[in-house]
Amino acid sequence: MTAYSRYSTFASFSDLGPVVEVKPGYGYVILVGVASGFLLSWQAIQVGKMRKKTGINYPIMYSQDTTGDGHLFNCYQRVHQNTLEGYPLFLMLLFTGGFAHPIPSALGGALWIVGKIAYSLGYYTGDPKKRVRGAFGNLALLTLTGSSIAVAARLLRWR
């Protein structure tokens, strides 16, 4: 038996460990993931409009002008950047936690999106303190984290 043929097929899948069953409610998790992509697109469009209004061209990320339209542009840009910074974690928690707990994960994900919209609208006023209007969306991450830890515990047979 060559080394190649030894690894090319499995005689049995039983030694691969636990199997994750995808529940029908997981479709809601997928829809929330898609909706989160629309959130990012909406934020990017807002930055593009503000970029056009202020004349701040690519590749400039932030305006050196910290007053007036430059300050407002920075607020718009920061909203999008902040969302992008946390997006990989959000998606990972949403999609892994959703395997065992699709409805709570989908609801948590939807709450995160609503929180990001409130965060965006608050920040878009030009007063960074108003961004805290969307802080409730961070509570959704606790639900998603708990769901993901439960999946990991089940896969590791800790419970």
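Here, every reference points to the structure presented above.
Quick look at the overall build of the protein now. Of regular secondary structure, the protein possesses five helices and zero strands. Mapped in sequence order, the helices and strands of the protein form the string α-α-α-α-α. Burial analysis of the protein (159 residues in total) assigns 36% to the buried set. For the protein, long-range pairs separated by at least 24 residues make up 70% of all intrachain contacts whose partners lie at least 6 apart in sequence.

Let us look at unusual backbone geometry. That bond from Tyr 58 to Pro 59 is cis: its omega, 5 degrees, falls within 30 degrees of zero. Mapped onto the elements of the fold, Pro 59 is located in the loop between helix 2 (26-54) and helix 3 (68-100). A positive phi is found at Arg 157, a non-glycine position, where the angle reads about 60 degrees. Its relative accessible area of 61% is what places Arg 157 among the exposed residues.

Right, let's get into the packing of aromatic side chains. Considering all chains together, one arrives at seven aromatic pairs under this definition. Ring pairing ties together the aromatic residues Trp 42, Tyr 76 and Tyr 124, which thus form one cluster. Positioned over the ring face of Tyr 58 is Arg 51, at 4.0 Å from the centre of the ring.

Applying the stated criterion across every chain yields a total of one salt bridge. A salt bridge links Glu 85 to Arg 78, with the shortest nitrogen-to-oxygen separation between them at 3.1 Å. The class for Glu 85 is partly exposed, based on a relative accessible area of 49%. Judged by relative accessible area, which is 25%, Arg 78 ranks as partly exposed.

What counts, and where the lines are drawn
- Residues numbered from 1 in each chain as written.
- Predicted model: local features only at pLDDT ≥ 70, side-chain atom pairs only at ≥ 80, totals over all residues.
- Heavy atoms only, no water.
- Helix = DSSP H or I, 4+ residues; strand = E, 2+ residues; numbered from the N terminus.
- Buried < 20%, exposed > 50% of the residue type's maximum accessible area, 1.4 Å probe, protein only.
- Contact = heavy atoms within 4.5 Å.
- Phe/Tyr/Trp six-rings, centres within 6.5 Å; stacked < 30°, edge-to-face > 60°.
- Lys NZ or Arg CZ within 6 Å of the ring centre and 35° of its normal.
- Salt bridge = Lys/Arg side-chain N within 4 Å of Asp/Glu carboxyl O.

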